Amino acid sequence: MLGLRNVKSRIHRLWNITQTAFPKSQLTIRPPNYNYIKRFQSSTVNLNSRSMEKIKNRLAQERSPYLLQHAENPVQWYPWGDEAFEKARSEKKLIFLSVGYSTCHWCHVMEHESFENQDVAAVMNEHYVNIKVDREERPDVDQLYMTFVQAASGQGGWPMSVFLTPDLKPIGGGTYYPPEDAYGRPGFKTILLHMAKRWKSDSKSMLENSSKMMKILNDTTAFDIQLGTELSNIMKPNPKTWITCYSQLQRIYDDEWGGFGMPPKFPQPTILDFLFHISHKMSKSYEGKKSLEMALETLQKMTMGGIHDHIGQGFARYSTDEKWHVPHFEKMLYDQAQLAVSYTTAFQITKHEQYSDVVHDILQYVSRDLSHKLGGFYSAEDADSLPTVDSTKKREGAFCTWTQEEVKTLLDQPLDSNPDIKLSELFCWHFSVLPNGNVRPDSDPHGELLGQNVLIEFRSKENTAKKFQITVENVEKELKIAKSILFEARKKRPRPHLDNKIITSWNGLMITAYARAASALNVEEYKQRAIKAAEFLKTHAWNNSVLLRSCYVNDIGDIANIEKPIAGFLNDYAFLIRGLLDLYECTLQSKWLKWADELQEQQDELFWDKEKFGYYSSSDKDPSIILRFKSDHDGAEPSGNSISALNLLRLSILTEKSEYRSKIDPLFLAFAGRLSGSSSALPALVSALTLHCDSITSVYVTGDLDNPELEALLSAIRQRYMPNLVLAHADENSLSELAKGLGIAENGKVAAYVCKNNTCNLPVHSTEELIALLDGRVESPASN
């Protein structure tokens with residue numbers, strides 16, 4: 001694979017040629033100059049003093065909340081599609097592509113500053129065909145052009161702004177552009193006029209350079225496997241890649257505050273799940289103990305910090321500081337789903353209720369605020385909201401932060417446990433609520449949190465009990481009362497915008513979260529919620545045996561999909577398949593396993609690279625996607641290839657299909673170079689490789705699912721953390737011949753078989769025997 005550094009170097013050289021009349025530093029992304037941006041953001045709402053006639057553009061016909069946010073812009077926006085492409089070709093105009101999402105703070109800023117400005121819109125409409133894309137709706141478009149922007153500038157982010165030729169090749173781009181020239185840097189209108197002038201005067205050279213740039217980008221998709229290479233001659237991944245991954249992560253671990261790398265700090269559940277895996281694999285070693293320590297400490301610090309919503313539950317996107325104190329306040333569904341799994345695992349390992357409490361916290365938030373009545377899950381809540389019902393300008397964090405005066409007024413009552421102390425005193429002490437706010441200026445570059453408090457629980461309940469000379473139990477009781485009062489008060493505030501798209505991949509992650517929590521915590525409500533979500537997707541996102549990317553909600557709350565539904569991408573298939581496999585293990589209802597099997601067959605048909613292996617992120621059905629990618633990075637979401645590797649390992653056991661087994665080694669081979677050199681960027685894929693090398697244990701249970709004796713065996717399995725275990729019900733509905741045979745042999749009796757490498761132990765019938773086998777404390781003779 002061509003290294004990204006070389007790609008950047010080659011694109012930079014081309015960029016210099018293309019932009020000889022305009023320094024490239026002015027056209028590509030640079031770290032935001034907050035002093036410069038603040039000048040414009042302070043007047044984002046009233047920047048254009050003209051009264052704008054609210055004439056809706058073509059985006060008014062869309063369902064995406066992000067596109068609808070721009071439907072009244074004076075910019076003549078088009079959605080991504082043939083109408084816009086044909087207009088650009090027939091009129092020989094450049095395309096201006098703007099990509100973002102509805103809860104994106106800087107997307108809102110650029111909209112107010114530029115896209116609502118009549119003068120800027122006039123330039124855009126005269127010289128460009130303007131296309132607006134929701135990155136969550138079209139991750140294939142986003143990935144293609146973000147790869148270009150990152151390679152050209154070394155950075156990325158949203159809103160993404162890209163200039164395209166009429167044949168959709170990129171020739172320039174960046175992220176947020178301020179509206180006016182200042183401090184020697186060009187504003188957005190200047191850039192628009194410059195690019196249009198260059199296109200009219202020298203389109204030939206710009207087209208030539210765009211073709212060269214695409215050739216360089218195409219090289220980035222060339223993996224280690226070359227056509228015609230025998231599998232036996234390909235570099236195989238090292239079975240001990242986990243050691244490299246662990247070492248790289250340990251080096252960037254924050255020993256004081258948990259988490260990995262410098263601020264801004266993201267939750268990174270894929271890293272936490274990898275560390276839990278290694279702690280299980282190497283439980284007696286230093287590496288195993290350190291892995292567990294890093295994962296648990298990170299979860300604890302996050303729980304205490306402001307990234308955790310102590311009043312409304314759930315977690316924000318990331319923290320701007322090292323202490324997890326001041327977050328970027330938007331809440332994404334995929335974060336809730338993955339963190340619920342990580343906290344569930346922490347509880348399985350430690351049995352400490354502090355972790356199960358957070359699982360309940362997250363799932364309560366999702367059920368209350370991110371759930372459609374029919375069972376699907378919404379995408380996100382915005383960071384920005386109006387501070388009061390009378391406000392005209394939104395502010396980041398307005399829904400979640402508090403002044404000390406507000407807290408004192410709302411909690412102006414004596415403690416039940418000590419009438420001499422006010423509830424506000426105890427609350428302000430425990431959550432570090434200060435008179436002038438508790439946000440450091442360097443964590444608030446835009447001044448939106450002046451005088452505000454982001455609740456943090458850096459003081460333990462034991463310390464608070466000691467401070468006020470009451471019991472820990474009373475501290476917990478009083479804080480619960482205080483939170484309830486503040487929650488009710490917060491409900492009266494204007495809510496942040498809700499992105500009510502129902503994205504299949506994120507719903508798959510959420511099914512996993514509810515199913516695993518249901519199994520580990522033995523909560524029937526969570527199992528039923530996971531089932532409801534799966535049934536929703538089967539009804540609304542499974543269209544004529546084609547999986548859809550997302551479902552939409554109309555003005556009265558009903559499901560109303562778009563005229564031309566967007567077919568699902570790799571992540572939609574992979575994440576939903578994993579969710580269904582987890583739901584199968586939670587319920588042992590074969591219908592979920594069968595649907596997962598059907599989806600996997602379709603995924604293989606649509607995305608598998610038969611020549612160089614691995615899965616493409618998108619299918620080859622859309623000619624507007626001029627370059628297909630294979631993603632392996634486990635970032636905010638795990639890679640579709642990483643989750644597919646885990647799915648294939650499980651399905652190859654549960655179905656015994658040779659076509660699944662035959663893809664496992666080639667998939668790892670496709671990413672061998674990355675696994676060797678950058679393993680810490682692929683923690684989920686490293687976990688899958690480690691499981692494959694160690695081999696997976698399968699447990700088959702027999703008997704009636706309503707039998708209490710079987711439930712006892714299942715509880716013994718489900719309440720333990722065993723990342724290398726697959727659970728199945730052996731009966732006539734099983735997809736594997738082994739499972740069918742075991743079911744017939746037991747003829748309805750309750751039993752459990754522990755199997756590995758196609759060899760099964762003799763059946764056991766008590767939880768004591770089963771636990772002993774799972775722990776490796778006894779070995780039962782293999783059955784015939």
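What counts, and where the lines are drawn
- Residues numbered from 1 in each chain as written.
- Predicted model: local features only at pLDDT ≥ 70, side-chain atom pairs only at ≥ 80, totals over all residues.
- Heavy atoms only, no water.
- Pairing = 2+ DSSP bridges.
- Helix = DSSP H or I, 4+ residues; strand = E, 2+ residues; numbered from the N terminus.
- Axes fitted to C-alpha atoms, helices over the stretch in contact; angles between N-to-C directions.
- Contact = heavy atoms within 4.5 Å.
- Patch = residues over 30% accessible without salt bridge, like charges linked within 9 Å, V, L, I, M, F, W, Y side chains within 5 Å.
- Areas by Shrake-Rupley, 256 points an atom, 1.4 Å probe, with all protein chains shown as cover.
- Salt bridge = Lys/Arg side-chain N within 4 Å of Asp/Glu carboxyl O.
- Lys, Arg positive; Asp, Glu negative; His and termini not counted.
- Charge placed at Lys NZ, Arg CZ, Asp CG, Glu CD.
- Disulfide = S-S within 2.5 Å.
- Buried < 20%, exposed > 50% of the residue type's maximum accessible area, 1.4 Å probe, protein only.

The protein chain appears in an unreviewed UniProt entry as Spermatogenesis-associated protein 20-like TRX domain-containing protein from Acyrthosiphon pisum.

Chemist: Can you explain the sheet that holds strand 2 (residues 94-100)? Please cite residues and give values.
Modeler: Pairing within the open sheet is mixed, and its five strands lie in the order 1-3-2-4-5. Strand pairing shows two members of the sheet lacking a second neighbour, strand 1 (77-79) and strand 5 (170-174), which therefore form its edges. On average, adjacent strands in this sheet sit at an angle of 30 degrees to one another, irrespective of strand direction. The sheet strands contacting helix 7 (residues 139-153) are strand 2, strand 3 (128-134), strand 4 (160-164) and strand 5, and the helix crosses strand 4 at an angle near 85 degrees. Where helix 8 (residues 188-219) meets the sheet, its contacts fall on strand 2, strand 3, strand 4 and strand 5, and the angle it forms with strand 5 comes to roughly 135 degrees.

Chemist: Help me get a handle on a negative patch on the surface, residues and values and all.
Modeler: Together, E353, D357, E462, E473 and E476 make up a region of like negative charge exposed at the surface. Elements that contribute at least two residues to the negative patch include exactly helix 13 (353-369) and helix 17 (472-490). Among the structural elements, E476 can be located in helix 17.

Chemist: Let's hear about the state of the cysteines: which residues, and what values?
Modeler: Tallied over the entire structure, the rule returns two disulfides. Here C104 is linked by a disulfide to C107, with a sulfur-sulfur distance of 2.4 Å. Around the S-S axis, the bridge from C104 to C107 shows a dihedral of about 80 degrees and counts as right-handed. C107 matches C104 in its accessibility class, with the two residues each being buried. Paired by a disulfide, C755 and C760 hold their sulfur atoms 2.0 Å apart. Given an S-S torsion of about 105 degrees, the disulfide between C755 and C760 has right-handed geometry. Given a relative accessible area of 2%, C755 falls into the buried group. Shown here for the protein chain is a disulfide pattern of 1-2, 3-4, where each number marks a bonded cysteine counted in sequence order. For the unlinked cysteine C693, the closest cysteine sulfur is that of C245, found at 14 Å.

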